[in-house]
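Report on the structure
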Amino acid sequence: MQVLINKVRVLDKQSDFNDKVVDITITDGTIVTITEQNKKSAKTAPSIVAEGKEVWKGNAGEELLVSNGWVDVFADYREPGLEHKETIATGLSAAAAGGFTDVLLLPNTQPAVSSKSVIQFVLGKAIGNVVSLHALGTVTANAEGKELAEMMDMYANGATAFTDGWKPIQNANLMLKALEYVKAFGGTVLQMPVDAPLAAGGLMNEGAVSTALGMPGIPLLAETLMLYRDIELLRYTNSKLHITGISSAVAVEMIRKAKKEKLNISCSVTPYHLALTEDMLNTYDSAYKVTPPLRSEADRLALIKGLEDGTIDCIATHHRPHEWDAKTKEFEYAADGMAVQEIAFNIVWDTLKDYLSIERITEVLAEAPRKLFGLKTDAIAKGGVASLTLFSATGKHTLTTASKKSAAMNNPFIGKALAGAVIGIFNNSKLNLNK
Amino acid sequence: MGLSVKHLLGIKELNVQDIEQIFKTADNFKQVLQRPIKKVPTLRDTTVANVFFENSTRTRLSFELAEKRLGADVVNFSASGSSVSKGETLIDTVNNILAMKVDMVVMRHSASGAPWFLANHIDASIINAGDGTNEHPTQALLDAYSMREKLGDLRGKRVAILGDIMHSRVALSNIYCLNKLGAEVVVSGPPTLIPKHIESLGVKVEYNVKKALEWCDVANVLRIQLERQHKPLFSTLREYAMYYGVNKQMLDSIEKDIVIMHPGPINRGVEINSDVADSKQSIILGQVENGVAIRMAVIYLLSGKREAESQL
Amino acid sequence: MKTLLNSNLMNITLQRLAHQLVENHMPFTDTAIIGIQPRGIYLSNRIASLVKKISGNNNIDYGLLDITFYRDDVHSADIHVPSDTNMPFSIEGKNVVLIDDVLYTGRTIRSAMDALIDFGRPKRVELLTLIDRRFSRELPIQPDYNGYSVDTILTQKVKVYWQETDGKDEVVLLDKVAP
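Predicted model only: the values in this text are computed from it and were never measured.

Its location among the elements puts A:Ala302 in helix 10 (residues 297-309). Aside from chain neighbours lying at most four places away, what touches A:Ala302 is A:Ala249 and A:Val252.

Contacts between the two partners involve 19 residues from chain C, matched on the other side by 25 residues from chain B. Roughly 1900 Å² of surface becomes buried between chain C and chain B when both sides are summed, with 55% attributable to carbon and sulfur atoms. Among the residues chain C hides against chain B, the three largest losses belong to C:Phe69, C:His75 and C:Ile79. Together they make up 42% of the total. Linking chain C with chain B are two salt bridges. The salt bridge partner of B:Lys24 is C:Asp84, with a shortest N-O separation of 3.7 Å. For the pair chain C and chain B, the number of links is six residue pairs in polar contact (both at pLDDT 80 or more).

Here the focus is the pairing of strand 2 (residues 31-36) of chain C. Residue and element names in this part refer to chain C. Buried residues dominate strand 2, accounting for six of its six residues. Of the two faces of strand 2, the one carrying Thr31, Ile33 and Gly35 and the one carrying Ala32, Ile34 and Ile36 are both buried. Here strand 2 pairs with strand 4 (residues 95-103) via five bridges, running parallel. The residue bridging Ile33 from the neighbouring strand is Val97, located in strand 4. With five bridges connecting them, strand 2 and strand 3 (residues 61-65) associate as parallel partners. Looking across to strand 3, one finds that Ile33 is bridged to Tyr62.

Turning to the interface of chain A and chain B, a few remarks are in order. Accessible area lost on assembly of the parts is the figure often given for the size of an interface. Contact residues are listed per partner, giving 20 residues for chain A and 26 residues for chain B. Summing both partners gives a buried area of about 1800 Å² for chain A against chain B, and 60% of it is carried by carbon and sulfur. Three residues, A:Thr211, A:Tyr284 and A:Glu330, lead the burial of chain A against chain B; their summed loss comes to 31% of the area buried on that side. There are zero salt bridges connecting chain A and chain B. Run the count over chain A and chain B and you get eight residue pairs in polar contact (both at pLDDT 80 or more). Class assignment for the residues of the side of chain A that touches chain B results in 10 nonpolar, six polar and four charged.

With the exception of glycine, the majority of residues adopt a negative phi angle, and the majority of peptide bonds are in the trans configuration. Omega for the bond connecting A:Gln110 with A:Pro111 falls within 30 degrees of zero, at 0 degrees, which places this linkage in the cis form. For A:Pro111, the location among the structural elements is in the loop between strand 8 (100-105) and helix 2 (116-125). Cis geometry marks the peptide bond from B:Gly264 to B:Pro265, where omega comes out at -10 degrees. Although it is not a glycine, A:Ala143 sits at a positive phi angle of roughly 55 degrees. Topologically, A:Ala143 is positioned in the loop between strand 9 (132-137) and helix 3 (151-156). Here the phi dihedral of C:Phe135 falls at roughly 65 degrees; this positive angle occurs in a residue that is not glycine. Here C:Phe135 shows up in the loop between strand 5 (124-134) and strand 6 (145-151).

Residues and elements named next belong to chain A. Evaluated as defined, the whole model comprises 45 salt bridges over all chains. Notably, a salt bridge pairs Lys125 with Glu79, separated by 3.2 Å at the nearest N-O pair. One end of the pair, Lys125, is in helix 2; the other, Glu79, is in the loop between strand 7 (70-75) and helix 1 (88-97), and 46 residues separate them in sequence. The exposure class of Lys125 is partly exposed, given its relative accessible area of 42%. Given the relative accessible area of 8%, Glu79 is considered buried. A salt bridge links Arg229 to Asp230, with the nearest nitrogen and oxygen atoms 2.9 Å apart. The class of Arg229 is buried, set by a relative accessible area of 16%. Taking the relative accessible area as the measure of exposure, Asp230 reaches 0% and is therefore buried. Sharing partners across several salt bridges, the network here consists of Arg9, Asp19, Glu63 and Glu359.

Another aspect to go through is the state of the cysteines. Here the structure, examined in full by the defined rule, presents zero disulfides over all chains. Counting only cysteine sulfurs, B:Cys216 is the nearest neighbor of B:Cys177, a cysteine outside any disulfide, at a range of 17 Å.

All names here are of chain C. The strand order across the open sheet built from three strands is 1-8-7, with neighbouring strands paired in antiparallel fashion. Each having just a single partner strand, strand 1 (2-5) and strand 7 (156-161) make up the two edges of the open sheet. When the angles between neighbouring strand axes are averaged without regard to direction, this sheet yields 30 degrees. Bridge analysis of strand 7 against strand 8 (residues 170-175) gives six bridges, and the strand direction is antiparallel. Its bridge partner being in strand 8, Val158 is matched across the sheet by Leu173. Most of the contacts of helix 1 (residues 7-25) go to strand 1, to which it runs at about 30 degrees, and overall it touches strand 1, strand 7 and strand 8.

This brings us to the sheet that holds strand 2 of chain C. All names here are of chain C. The strand order 3-2-4-5-6 describes an open sheet built from five strands, whose pairing is parallel. Of all the strands in the sheet, the pair left with one neighbour each is strand 3 and strand 6. Across the sheet, the mean angle from the axis of one strand to that of its neighbour is 25 degrees, orientation sign disregarded. Pairing of strand 4 with strand 5, which is carried by eight bridges, proceeds in the parallel orientation.

Thresholds, definitions, all that
- Residues numbered from 1 in each chain as written.
- Chains lettered and ligands numbered in written order.
- Predicted model: local features only at pLDDT ≥ 70, side-chain atom pairs only at ≥ 80, totals over all residues.
- Heavy atoms only, no water.
- Helix = DSSP H or I, 4+ residues; strand = E, 2+ residues; numbered from the N terminus.
- Contact = heavy atoms within 4.5 Å.
- Buried area = accessible area lost by both parts, 1.4 Å probe.
- Salt bridge = Lys/Arg side-chain N within 4 Å of Asp/Glu carboxyl O.
- Polar contact = N/O pair within 3.5 Å; in protein donor to acceptor, adjacent residues only side chain to side chain.
- Buried < 20%, exposed > 50% of the residue type's maximum accessible area, 1.4 Å probe, protein only.
- Pairing = 2+ DSSP bridges.
- Nonpolar A, V, L, I, M, F, W, Y, C, P; charged D, E, K, R; others polar.
- Disulfide = S-S within 2.5 Å.
- Axes fitted to C-alpha atoms, helices over the stretch in contact; angles between N-to-C directions.

Encoded structure:
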C-alpha cells in the first residue's frame, strides 16, 4: 500500500526534516521519499492520498503536523473479564481516534495480566490492529499485593513493564523486592502513588472544598508519603521507576528533586488533572470522581509548570471505562475514573496551548514515552518505518456520544468543543483517519 | 412568594430571605400546633414519601407528623443499609415511589450529596433529611429557630458546637445556617473529630471544651456518631465522657447561664450528662417541638406551584 | 378609574355598618368580631373600634384570622406567605361576624369558614363586607352586612385604600386591560 502525505510539517528532533514542511511517500509501511516543499506552494492545502485516491484534504493555509506515533502509558481496556465496560477492540479504536499508535495496557483485568497466558491472550487480541498494544504485567501475583508475580516469564513473553495498576503496592518490602527483581532484565515498575490506608474512606481531595461539601477527604499525604517512600526505595535499589498520575504541586517538586539527584525516575500526568480542579465536584457529580482525586488550582498550575520544565515526562490518560450504570450513582457508590483517551490530546492542547508549544506537547506524547519504555522509533526520514500521528493544532474538535469509539460512558468532555484535531495515525503499515 | 430553591438540599444553597421566610412560616405553624385541632388541610392533595436509607426514628417521626398535620398523605420507605445491597439503584427506588403519584420526597441517605444526585434525575421536590457527613438542613433550621426563640436575633450571638464535628451533618448545616444569620461559631471536640480545614468555613476551633463553654451563649452538643466512624478517632468512651462530655459541675463553674441544645438521640453519660440534658438550661425538648413546625414550614413552602398534571 | 366611595362616603358607610352590628348584637356578650388576614383587617379594625364606641363596651371579642393554610389554590399560584392568626378567646357557641373588605368569588370566605371551625363550633356565622362585587360569585356566599354593591366585569379590579397604610380612605374601580 502506498500513502502520500502532502504538505506536512515534521515535528521530530531526530529527523533532518524537523520543523520543515515536506511531502512524504510511504510504501508498505516504510518512508520511501521525503522531500521539502517549495515556499511558493504556501497557499496550497495539505492532503493525504492512499492508493492514488485523495482520502483527506485540509483547508488552504491550514497546517498539517506529523510526529512519531503517540503513546498512552496507562490505559485500561477491561478485557478479559469486564467486557461490558470496554473491550480491547473498542479500546484500540478509541486509541486510534485519539492519535495513539501505542498503548500500554493495564493489567487489572479478571483474571489479572499476571501470567504468560494472559499476556498472550491480550497481545493476541491486538494482532493486525493499526494500534500497537503493549501489555503491562502485574508486579504481584494477581495484583493482590502479596507476593511477586512471574515478571521474568511475562517479560520474556512480551510484557513491556510492570505495575499493579489501580492497586498500588502498599507493602514497602514488596515494592523494594519488585524494584530489585526487575533489574535483572532492565524492567520498569509503574506506580500510582496512593497510600491506601490514608486514602481509605476519602472521596475527594481533602481541603476547603471537601469540607464545604461535607465529603470525606483524601489527604495530600496519601500521595506524597507514598511518593517519598518509592523515591527512597528507588534510591536504595537503583532501579527504574515510573510514577503515574501525580496530581499535586508537592509531588512535582519531589520528582524534580529526585531527577536532580540523578535517580532513574520518570512520571506522567493525566489530561484531567491538567484541565480540572476539585471545584468541579461542587454539585457532587460523579463524572469527576477519579483516583488520584482532582486537586486545587495551585496544584494544577504546578503540574503545567512541571510539564513545561520537563519534570513531568509524558501523558497517561488513565483511561478507565465504565458503563452508564456504574457511574450514574450516588457519588460514594459511583465507579472511579474517566475514559477520555480518544480526546486526550484535545483536552491537553485546549488546556495548555497558552502555556506550552505544540513541539513540547509532541515530546510528551511521543518522544519521551517511546524512549522511556523502549518502543522502536525510527526518525521521520527516508528508510524509516512509519509510525506516525497526523494532527492539527488549529480548529476545534467536539466528541459526541454518537461519534465516540470507546464503549465507555464516563467521559465528561463529550459535547465540549476542544482545541486541536487528530487527523489520523499511520502504524503497522496501516492508515487510520478520523472522519 | 416562595423559596429561592426548588429542593431543600442544604442550607448552603439558601439565602437569608429563605431562612427568614421559613422561620416566619414556622411561627404560624407553631400556632396551629397549639390549637385543639393541630392540623390544617393545606396539602390534602399532596402525597409525601419519606424515603429513609438509613435508620432514623425521630427525624422520620418528626417529618411524618409535619406531613400529616399539613393534611398530606404519607408513605414511608425504609431500607436499612444501602439500596446498593438490595440490588436496586436509588433512581429506580425513587422512580418506583414516584410512579405511585407521590409529589414530594423526603430522603435520608448515607452518601454525601445523594440528594443532589436524585434532584438531577427526578422531577419531584426533594427535602434532604440528612446525607452522609454533609447536611441535615431541617435540623439546623430548627436549631437556629430554637436559639432565636430563646435569645432573639442571632447576630453577634456566640454558638459553640461540641463533639463529633467530622461525622456530623448537623454541624455543617448548623455552621452554614448560623453564619448566614450572623452568629459566631466555635467548634470544639477531640482534634481527630474536627475536620482539618474546618476554619475555611469561617468558624474557630477550640479543643478545650470548658473554654468553648465559657465563651458561648449557646452550646449545641452533638452526638458521637459511633456508627459513622471508619478510623480510630478516639480512645475510649470513658475518656471521651471525662474530658469532652458536658456535665453539671462544668456548667456550674461558668459564671453565666448558657443554653444547652442537643439534636438527639442523646448518648447520656457520654457527650452530655443527664443532669445537664434535663436541666433548666436545656432546650432539647423545645427543639423537638419546633422540629415539627419547621418541617411543616419547609414542606409547605416547597409545595408551591405544581406543573399541570403530566400528560399521560 | 372610577371612585366608588370617597373619604366622606366611606365614613358614612362604616358608621352604618357598625350601627347595624350594634343593633343586631348588643350587648356583644356572645359575639366575636373576626377580621380576615391580610386585607380584611383594616376594615375590621375600624368596625371593631366603631362598635366599641357606639356600644360603650370595650371588652368585645375581636380577633384576626389567617386563612392561608385553608386556601384551595395552594398549587395553582406562587406560594402564599401566611399572616398571623390572633384569636385570644373561644368561639365555641358564639355569634361570629367575619369581616373582609371585598367580596368577590367567595372563595376566601369559604376558606375562612373552614379555618374558623377548626377553632371551635360557633353558634352562627355572619359576613360583613365593605364592597360586594355582584355577579362574580363562584360559591353560594352572600354578605349579611354590606357597604356598597358594584357590578363589575372580570378584567376590572376593586381597590380599597386605607388611611392607615395608603394615606387616604377611598374605594376605586380600576379598568385593567384584558390580557
